[in-house]
Amino acid sequence: MLRLENLSKFYGPIQAVNRVSLEISKGEFFCLLGPSGCGKTTILRMIAGFEKASEGRILLDGRDITGVSPNKRDIHTVFQNYALFPNFNVSDNIVYGLKFRNLSKEEQKDRLDQIVHLVGLEGFEKRMPSQLSGGQQQRVALARALVNQPRLLLLDEPLSALDKKIAEQTRHELSELQKKVGITFIFVTHNQTEALALADRIAVMKNGVIEQCDAPRTIYEHPKTSFVADFIGSMNFFPCRVKETINGEVLLELPGTATIHLSQNREQEPGKQLLFCIRPERIRVSLLPPADYENGIRGIIRQKDYLGEITRFGIELPGEKMITVLAQNYLLKLANEFYDLGEEVYVIWSKTSGEILHV
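Heads up: these notes are all about the structure in this document. (Residues numbered from 1 in each chain as written. Predicted model: local features only at pLDDT ≥ 70, side-chain atom pairs only at ≥ 80, totals over all residues. Heavy atoms only, no water.)

## Describing helix α5 (residues 164-181)
And step 1. The end-to-end C-alpha separation of α5 is 26 Å, in line with the 26 Å expected for 18 residues at 1.5 Å each.
And step 2. Summarising the contacts, the buried residues of α5 are in contact with β3 (29-33), α3 (105-118), α4 (134-146), β7 (152-156), β8 (184-189) and α6 (192-198).
And step 3. Residue Gly 182 follows α5 closely and has a positive phi angle near 70°. (Helix = DSSP H or I, 4+ residues; strand = E, 2+ residues; numbered from the N terminus. Expected span 1.5 Å × (residues − 1). Contact = heavy atoms within 4.5 Å.)

In structure tokens, the structure reads:
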């Protein structure tokens with residue numbers, strides 16, 4: 001439905017977006033994710049027509065809209081601050097755009113009633129924006145965009161102004177709403193949790209370039225670069241050297257620690273320098289040595305933080321290497337395992353866990 005072809009944006013000598021190419025399908029919930037200044041909002045503004053592309057093309061349903069004015073693109077945007085008219089009530093804010101579309105008052109009323117019901121604002125029609133919570137204001141902004149039945153809806157960090165609990169509730173409502181209306185959503189955020197929970201696919205950006213574009217589970221479990229691995233969730237990194245590959249199992253030498261096994265089912269060149277990475281929740285702490293099908297390294301507990309559902313351990317391995325381990329507290333309680341600071345333990349993980357990245 002939407003295609004970006006080698007899209008670039010320059011601000012003087014600074015290149016904010018560097019030859020980005022993407023294809024986004026009809027009805028997809030697509031997320032642009034990355035830190036501040038990575039170019040994600042600039043891409044959104046070029047799609048909307050608020051910024052002019054320096055290079056490349058934007059195609060909507062095969063039509064080149066690169067030079068088309070924003071009001072002729074059939075694309076609507078929900079901004080971070082919602083941009084509601086403070087002197088208009090909820091109904092007037094929602095139908096404002098319809099007044100320029102040559103619709104009868106009856107048609108406007110029908111669309112208003114439908115969208116108010118869809119976003120759950122019945123009974124709020126006569127309220128002013130100042131009388132609404134942050135979550136309710138966001139629903140008004142969504143309703144105002146959706147009532148125009150756009151081909152594409154752009155959302156620029158719409159949950160960032162909400163507190164955590166309201167944001168979680170609104171996130172669920174947004175996901176359900178997108179499924180009901182079937183409109184393609186492009187969602188910009190720096191929040192990993194939002195992206196993982198909402199998106200069908202995520203494009204992770206850094207310095208104007210897409211580092212990886214995949215489904216959320218693939219992004220989390222199989223990152224392609226160290227930046228993606230580190231930006232999405234928490235990750236432990238080990239510089240390593242390939243010792244050998246035996247029957248699809250790669251032997252990796254970790255400096256100052258040990259040799260570990262990784263079941264990768266692909267050959268790796270002996271002597272090659274790589275980066276082994278593994279999620280903290282994939283590691284367990286134990287007083288017992290690992291089984292034959294596991295990797296294990298001895299270490300000392302240097303940090304221990306109780307966080308309610310989990311305990312976060314900081315464990316020092318040989319060579320003063322610190323790693324993070326996350327343990328579910330109910331499992332620790334079931335096993336009657338309560339580790340103390342300074343205690344010597346094994347950190348253990350399956351040979352199938354972890355990824356190797358090129359340096």
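Don't stop here, the text continues.
## Some words on the layout of surface pockets
And step 1. In this structure, the largest pocket occupies an estimated 590 Å³ of space.
And step 2. Taken together, the elements giving at least two residues each to the lining of the largest pocket come down to β6 (75-78) and α4.
And step 3. It is β6 that provides the largest number of residues to the lining of the largest pocket, a total of 4 residues.
And step 4. Across the lining of the largest pocket, the residue classes break down as 13 nonpolar, 5 polar and 5 charged. (1 Å grid on protein atoms, 1.4 Å probe; cavity = no way out; pocket = protein on both sides within 12 Å on 5 of 7 lines; lining within 4 Å. Points joined across faces, edges and corners; volume = space filled by probe spheres on them. Nonpolar A, V, L, I, M, F, W, Y, C, P; charged D, E, K, R; others polar.)

## Things to note about the nonpolar core
And step 1. Counting 45 residues, the largest nonpolar core has Ile 94, Leu 153 and Val 204 as the members making the most contacts within it.
And step 2. Per-element accounting of this core gives the leading share, 6 residues, to α4.
And step 3. If you look at the next biggest cluster of nonpolar residues, it comprises 29 residues, including Leu 22, Ile 65, Val 188 and Ala 203. (Core = buried A, V, L, I, M, F, W, Y, C linked by side-chain atoms within 4.5 Å. Buried < 20%, exposed > 50% of the residue type's maximum accessible area, 1.4 Å probe, protein only.)

## Concerning the sheet that holds strand β5 (residues 63-64)
And step 1. Across the sheet, which stays open at both edges, the 4 strands sit in the order β2-β1-β4-β5 with antiparallel pairing between neighbours. Here the strands that pair on one side only, and so sit at the sheet edges, are β2 (14-24) and β5.
And step 2. Two strands pair when backbone bridges link them, and strand β1 (residues 2-11) and β2 are joined in this way by 7 bridges, in the antiparallel orientation. Its bridge partner being in β2, Phe 10 is matched across the sheet by Gln 15.
And step 3. In the packing of helix α1 (residues 40-48) onto the sheet, the strands contacted are β1, β2 and β4 (55-60), and the crossing angle to β1 comes to about 115°. (Pairing = 2+ DSSP bridges. Axes fitted to C-alpha atoms, helices over the stretch in contact; angles between N-to-C directions.)

## Re the pattern of salt bridges
And step 1. Considering all chains together, one arrives at 19 salt bridges under this definition.
And step 2. The residue Glu 253 makes a salt bridge to Arg 241 at a minimum N-O spacing of 2.5 Å. Taken together, the positions of Glu 253 in strand β12 (residues 249-253) and Arg 241 in strand β11 (residues 236-246) put the pair 12 residues apart, joining distant regions of the chain.
And step 3. Here Arg 284 makes a salt bridge to Glu 294, at a shortest N to O gap of 2.8 Å. Of this pair, Arg 284 sits in strand β15 (residues 284-286) while Glu 294 is found in strand β16 (residues 294-306), placing the two residues 10 residues apart along the sequence.
And step 4. On the basis of relative accessibility, which here comes to 14%, the residue Glu 294 falls in the buried class.
And step 5. Bridged by salt links that share partners, the residues Arg 3, Glu 5, Glu 23, Arg 57 and Asp 64 form one connected network. (Salt bridge = Lys/Arg side-chain N within 4 Å of Asp/Glu carboxyl O.)

## Details of a nonpolar patch on the surface
And step 1. Taken together, the side chains of Tyr 330, Leu 331 and Leu 334 make up a nonpolar region of the molecular surface, amounting to roughly 360 Å² of accessible area.
And step 2. Assignment of secondary structure puts Leu 334 in helix α9 (residues 329-334).
And step 3. A relative accessible area of 68% places Leu 334 in the exposed class. (Patch = residues over 30% accessible without salt bridge, like charges linked within 9 Å, V, L, I, M, F, W, Y side chains within 5 Å. Areas by Shrake-Rupley, 256 points an atom, 1.4 Å probe, with all protein chains shown as cover.)

## Observations concerning the sheet that holds β7
And step 1. Read across the open sheet, the 6 strands follow the order β6-β7-β8-β3-β9-β10; overall the sheet is mixed. In this open sheet, the two edge strands, each paired with only one partner strand, are β6 and β10 (209-214). Taken pair by pair, the neighbouring strands of this sheet meet at an average axis angle of 20°, ignoring direction.
And step 2. In terms of strand pairing, strand β9 (residues 201-206) meets β10 through 5 bridges, oriented antiparallel. What sits directly across from Ala 203, in β10, is Cys 213.
And step 3. Relative to the sheet, α1 contacts β3, β6, β7, β8 and β9, its axis offset from that of β7 by approximately 150°.

By themselves, these are just geometric observations and shouldn't be taken as functional.
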